[in-house]
Amino acid sequence: WDTIVTNVSNSYRLQEECDVLGLRIAKYKGKINLSEYKSVMLASLRSLCRDWGSNHEVAWSWLWENVERMIQALMGKPAKQERALDKLWSSLDDAQQAMVRREVYLKFFALAPAGQDYFKQSTTRLHFIADRVVEMTVELYKDPKHMVEDISALGLRHVGYGIPTELFGPFVTACVQVVRTLTDDDLAEEAFRWSLSLISRILTRVITEGSTIVMKAINANSSKQVRKAISCAPRGKRAMWMLNVQVGTQSISPLIWAIETGSLEAGKAMIQDLLTIRADRDRYYYGMDTLFDRHPDMIQKLCNDAPVLLNPLLDGLIWRSRFAEGGFRRVNYYVKHLVIDGEGHFSKALEWLIGNGDPKIICHPIIVMVTDIVWSRLAFRVFLFGKSWFLFTLCVFVVAQAVIKHLATPEETTLALRTFVFACRCFIYNASMSQWIYFHVKHTYQDIRAGRTFRLLNLPMPTYLKNWQDIASLILTVLLIFMFAIEPILTCVPKAYDDFPGRGLFTQACPAADSTRFMYSLFSMCAMMMYFLLLIDLSVFSTRISAFVLMVFRVLSEVGLFLFALSFVLVSFACAVSSLEHSNQDFAGLVESAQTLLKVSLGMWGGSHFDELQRDEALFGAVFVYVVVTVVFLVNMLTAQLNSAYQSTYLDMVGFARLNRGKIVIESMPSVSRRRWESVSKSLRLDEKCEFGEGDVGLPGGIQVQEAAGLNPTTVDMIRRFGGSTSVAAQWPEEQDDNDDDDRFARVERLIEKAMKRMKGAGGSGRTRVGGTSGAGAGESGSAGLSGDKDAVQGSGEAASVSERGSSD
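Residues numbered from 1 in each chain as written. Predicted model: local features only at pLDDT ≥ 70, side-chain atom pairs only at ≥ 80, totals over all residues. Heavy atoms only, no water.

*Asks:* Help me understand the overall build of the protein chain, please; the structure alone is not making it clear to me.
*Replies:* Looking only at helices and strands, the protein chain has 33 helices and twelve strands in total. By the compact-globule yardstick of 28 Å for 809 residues, the protein chain is too spread out, its C-alpha radius of gyration being 41 Å. The dimensions of the protein chain, computed from C-alpha atoms along their principal axes, are 120 × 95 × 75 Å. For the protein chain, with 809 residues in total, the buried portion stands at 39%. Expressed as a percentage of contacts within the protein chain between residues at least 6 apart in sequence, the contacts between residues at least 24 apart total 73%. Roughly 44900 Å² of accessible area belongs to the protein chain as shown, and the carbon and sulfur atoms make up 58% of that amount. (Helix = DSSP H or I, 4+ residues; strand = E, 2+ residues; numbered from the N terminus. Rg over C-alpha atoms; globule rule 2.2 N^0.38 Å. Buried < 20%, exposed > 50% of the residue type's maximum accessible area, 1.4 Å probe, protein only. Contact = heavy atoms within 4.5 Å. Areas by Shrake-Rupley, 256 points an atom, 1.4 Å probe, with all protein chains shown as cover.)

Spelled out as structure tokens, the structure:
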């Protein structure tokens, strides 16, 4: 009703709203008495309006009479039209439906040839659109309220597509002509025509209302046009011009539309404009809060659809003073929306950036600051507390397996020492092994139940094993289970007091354990390596150490290739040497030859052996070739590969180290208590304003730090300050863009072209006037025309520049 009243002067809009109201009334099952509504409406208005008079009475009565007349004309029709139209579409077979899809476009292109320039999709896509049009005509009768909202949203999308509204009329006509060939039922045809006409009117209105100059600039993907369009906005609404186009209950964001449609030049211009600080005497204008309030998932959107725009966005969240004091300059990092979301919880911005996996973006100064703040004040304690149990377990394992073992032989150990070893191993099996078993069973069950698997050697594996730490912990779990299965202390329990050296409670020196003691020590050694391998996570405390660790893992593939090549050459020469007739016992057999050649490669073969090798010249020659291939060629090749891999990945290593720390921060944050989080977030004082200079109180949401003056030299004021009126309804004065070199060159090019056209036109008219003269005369006339046109050229250039300024204004 509000829309009807506010659009009373627009007869087309009034008819559209009454048509929609008639459809909604048709869905009501009870009795409707429009005349009674008029009485109730007028009575309510008389009681609400103190100065109600005869003019009000006449105006509102006139309005209701017109609305009632339009609604009354539809009463009873929508239900019949819905049944007739539904019956028509359900009676069509596949061949007739295919004909409808095909003929609609043939007739439409015949009526409006310009439509072919806009319907450029594939045939299957066009057929889908035709089917959707048919469905919408029926759905409008069945659920008019939601359908009108969907049509409005569709119209806003068509604003982004730049579809001329003049094409809707021919399209409706083409569709009606096709339907007319399918049925003789006039009611079904009329129902289709009326429904599609209403859809067309709604779309036309939405596109007309939503076609702002900003949306048109986005369609052209021109940063210059975007800047020119938003320069017309009042300074108080400038940000919303780029973030919201509202038509009825539906809205569209020009910025998001630019990102989704790939108009990245326009999107970049809007992001830079939003995050440019402007100021007059009364207030500062900065679009950060407006941007993140309208689009809390802006970081996620850019990570998924336009990663190239992340840098302009993050750069806009940093302000640097151009004045240095004592070798330092003020820098404001506006991190509020990267740390805290709209509900006061930890923002997901860092999680989205970590998931993006870009080592360069994660090294951006503002992301480094956010990560370091959260790490040092929150995640560090949680991570260290989580690892303290693992460190304690490792210490117990080292003492039980590697330290006490060498304090005394099994036969000489005392009862106290044996009891201590038994207690340590019980702790390992109960506190460590059982914990790891629970961890892997739980995650395996969760991944398999959710269908999260991947294939390794053609075998399905739970997804959590994609992480190398989880694989290492699984190997550790298996080794601990094997150790528990052949534990010597448990083996010796039944025979602890038999006659053997070292007998007694908790002994492991009984003869029954001799057969498994070596395997137990082998499993213990491997488990010790797995424990220390899992300790690599602690490298996250130092970014430099973490980068070195990651570099080691990155070059492991090159080492693997070297070992594969070395193994191939080793086996080849071992087989070749074994087939050679010689008397050297170090090469007497395939296994002995391989062992000896491996010692040669590792420099573990003594010089005396080479002296004996010289007695067999053929064997010596084979070993010499082997040394050249492995020691000279393969080792140097490995060095070159490692150097190349290091050079190619060094620049990104710090980024990958920060990504690793960021992952730990994200994993640790759920364990931070609410009280601790609120305490830290308040200590950041993000609601307080940061100064831009002495006595110049700026904007809230930032953290101010002192930066070395030579680190990021800044020679221009990053705040654009303007004088004049300070009204929020006033536009910002026109800004001079000194960086738009391409536009300036294009302007010069156009001026030259216009001047050349004027010169050619003047020369042509001169030749016409002297048509009967000789060539010399023509040449003189032409030269005179050229010399005389110097002022004309200058005048044309000035006129063109004035014309351009006038058109831009």
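From this point, the narrative continues.
*Asks:* Teacher, can you tell me more about helix α27 (residues 590-602) here?
*Replies:* Since there are 3.6 residues in each turn of an α-helix, residues three or four apart along the chain are aligned in direction. An ideal rise of 1.5 Å per residue puts 18 Å on 13 residues; α27 measures up with 18 Å between its terminal C-alpha atoms. The complete set of buried residues in α27 reads S593, T596, L597 and V600. For α27, the angular spread of the buried residues around the axis is 100°, confining them to a single face. Turned more than 90 degrees away from the buried face of α27 sit V591 and L602, all of them exposed. Phi turns positive, to about 75°, at G603, one or two residues after α27. (Expected span 1.5 Å × (residues − 1). Arc of directions from axis to C-beta.)

*Asks:* Hey, could you run me through the sheet that holds strand β5 (residues 318-325) in this one?
*Replies:* Two orientations exist for strands paired in a sheet by backbone hydrogen bonds: parallel and antiparallel. What the three strands build is an open sheet, ordered β5-β6-β11; its pairing is antiparallel. The sheet terminates laterally at β5 and β11 (703-708), the two strands that pair on one side only. Strand-to-strand twist of the sheet, defined as the mean angle between neighbouring strand axes without regard to direction, takes the value 25°. Where β5 meets strand β6 (residues 328-333), five bridges bridge the pair, whose relative direction is antiparallel. Its bridge partner lying in β6, W319 is registered against N332. (Pairing = 2+ DSSP bridges. Axes fitted to C-alpha atoms, helices over the stretch in contact; angles between N-to-C directions.)

*Asks:* When you look at the sheet that holds strand β12 (residues 719-721) in this model, what are you seeing that I'm missing?
*Replies:* Strand order across the open sheet formed by three strands is β4-β3-β12, with mixed pairing between neighbours. Unpaired on one side and paired on the other, β4 (284-285) and β12 mark the two borders of the sheet. As judged from the three bridges shared by strand β3 (residues 277-279) and β12, these two strands associate in the parallel manner. Bridge pairing links R278 to R720 in β12.

*Asks:* What's the story with the state of the cysteines in this structure? I'm lost.
*Replies:* In a disulfide, the sulfur atoms of two cysteines are covalently bonded to one another. Summed over the entire model, instances satisfying the criterion amount to one disulfide. Disulfide pairing is shown between C492 and C510; the S-S distance is 1.9 Å. Classification of the bridge connecting C492 and C510 rests on its S-S torsion, roughly -80°, and on that basis the disulfide is left-handed. Placement of the pair is C492 in helix α24 (residues 488-492) and C510 in the loop between α24 and α25 (514-534), with a sequence separation of 18 residues. Across the pair, exposure class does not vary: C492 and C510 are buried alike. (Disulfide = S-S within 2.5 Å.)

*Asks:* Explain the packing of helix α6 (residues 94-111) against helix α7 (residues 123-142) here, please?
*Replies:* Interhelical geometry of α6 versus α7 gives an angle of 100° and a closest axis separation of 9 Å. When the interaxial angle is binned, α6 and α7 end up roughly perpendicular. Mapping the contact onto sequence places R101, R102 and Y105 in α6 and L126, H127, I129, A130 and D131 in α7. Residue classes in the contact of α6 with α7 are distributed as four nonpolar, one polar and three charged. (Parallel < 35°, antiparallel > 145°, perpendicular 65-115°, else oblique. Nonpolar A, V, L, I, M, F, W, Y, C, P; charged D, E, K, R; others polar.)

*Asks:* In this structure, what is going on with the pairing of strand β8 (residues 459-462)? I would like to understand it.
*Replies:* Sheet faces and side chains relate simply in a regular strand, where the side chains alternate between the two faces. Of the pairings in the sheet, the one linking strand β7 (residues 453-456) to β8 comprises four bridges and is antiparallel in character. Bridge pairing links R455 to P460 in β8. Hairpin geometry of β7 and β8 is characterised by an intervening segment of two residues between the two adjacent antiparallel strands and by a positive phi of about 55° at L457.

*Asks:* Looking at this structure, I do not really get the pattern of salt bridges. What am I missing?
*Replies:* Close approach of charged atoms allows side chains of opposite charge to pair. What the rule picks out here adds up to 25 salt bridges. Measuring nitrogen to oxygen at the nearest pair gives 3.4 Å for the salt bridge that ties E691 to R330. Of this pair, E691 sits in strand β9 (residues 689-693) while R330 sits in strand β6, and the two are 361 residues apart along the sequence. When its relative accessible area of 30% is taken as the criterion, E691 is described as partly exposed. Two residues, R658 and D372, come together in a salt bridge whose shortest N-O distance is 3.2 Å. Separated by 286 residues along the polypeptide, R658 in helix α29 (residues 617-668) and D372 in helix α21 (residues 365-403) bring together distant segments of the chain. Of the residues examined, R658 reaches a relative accessible area of 14% and is grouped as buried. We classify D372 as partly exposed; its relative accessible area is 27%. (Salt bridge = Lys/Arg side-chain N within 4 Å of Asp/Glu carboxyl O.)

*Asks:* Please clarify how the environment of E68 should be interpreted in this entry.
*Replies:* When you line up the elements, E68 lands in helix α4 (residues 54-74). Along the primary structure E68 and G22 are separated by 46 residues, whereas in three dimensions their C-alpha atoms are 9.9 Å apart. In contact with E68, not counting residues within four places along its chain, are L34 and S35.

*Asks:* Whenever I open this one, a nonpolar patch on the surface confuses me. Can you help?
*Replies:* A surface patch of nonpolar side chains, amounting to about 530 Å² of accessible area, comprises F620, F624, V625, V628, V631, V632 and V635. We classify V631 as partly exposed; its relative accessible area is 34%. (Patch = residues over 30% accessible without salt bridge, like charges linked within 9 Å, V, L, I, M, F, W, Y side chains within 5 Å.)

*Asks:* So what exactly am I meant to see when it comes to the side chain of T477 here?
*Replies:* Relative to the assigned elements, T477 resides in helix α23 (residues 468-485). Assessed through its relative accessible area of 5%, T477 is described here as buried. Every residue in contact with T477, bar those within four places of it in the chain, is listed here: W436, I437 and H440.

*Asks:* Would you take a moment to explain the environment of T181 for this structure?
*Replies:* Among the structural elements, T181 can be located in the loop between α9 (168-180) and α10 (186-210). The exposed category is assigned to T181, whose relative accessible area is 58%. Once the C-alpha coordinates of T181 and Y334 are considered, the two residues, 153 residues apart in sequence, prove to be 64 Å apart.

*Asks:* It is not clear to me how the environment of G662 should be interpreted in this structure. Could you clarify?
*Replies:* Mapping G662 onto the fold places it in helix α29. The sequence separation of G662 and V540 amounts to 122 residues, and the corresponding C-alpha distance is 9.5 Å.

*Asks:* I keep staring at the packing of helix α26 (residues 543-578) against α27 and nothing clicks. Help me out?
*Replies:* Running from N to C, α26 and α27 point in directions that differ by 130°, and their axes come no closer than 8 Å. With respect to their mutual orientation, α26 and α27 come out oblique. Crossing handedness for the pair α26 and α27: right-handed. Of the residues in α27, those touching α26 at L566, L570, F573, A574, C575, V577 and S578 are L590, S593, A594, L597, L598 and S601. Class assignment of the residues belonging to the contact of α26 with α27 gives a composition of ten nonpolar, three polar and no charged. (Left-handed = near helix turned anticlockwise from the far one by under 90°.)

*Asks:* Looking at this model, I keep getting lost on unusual backbone geometry. Mind explaining?
*Replies:* Glycine aside, negative phi is the norm for most residues, and most peptide bonds take the trans geometry. Of note in the backbone geometry, N221 takes a positive phi value of approximately 50° without being a glycine. As for its placement among the helices and strands, N221 is situated in the loop between α11 (213-220) and α12 (223-230). Assessed through its relative accessible area of 31%, N221 is described here as partly exposed. One non-glycine residue, R685, adopts positive backbone phi at about 55°. Relative to the helices and strands, R685 resides in the loop between α30 (674-683) and β9.

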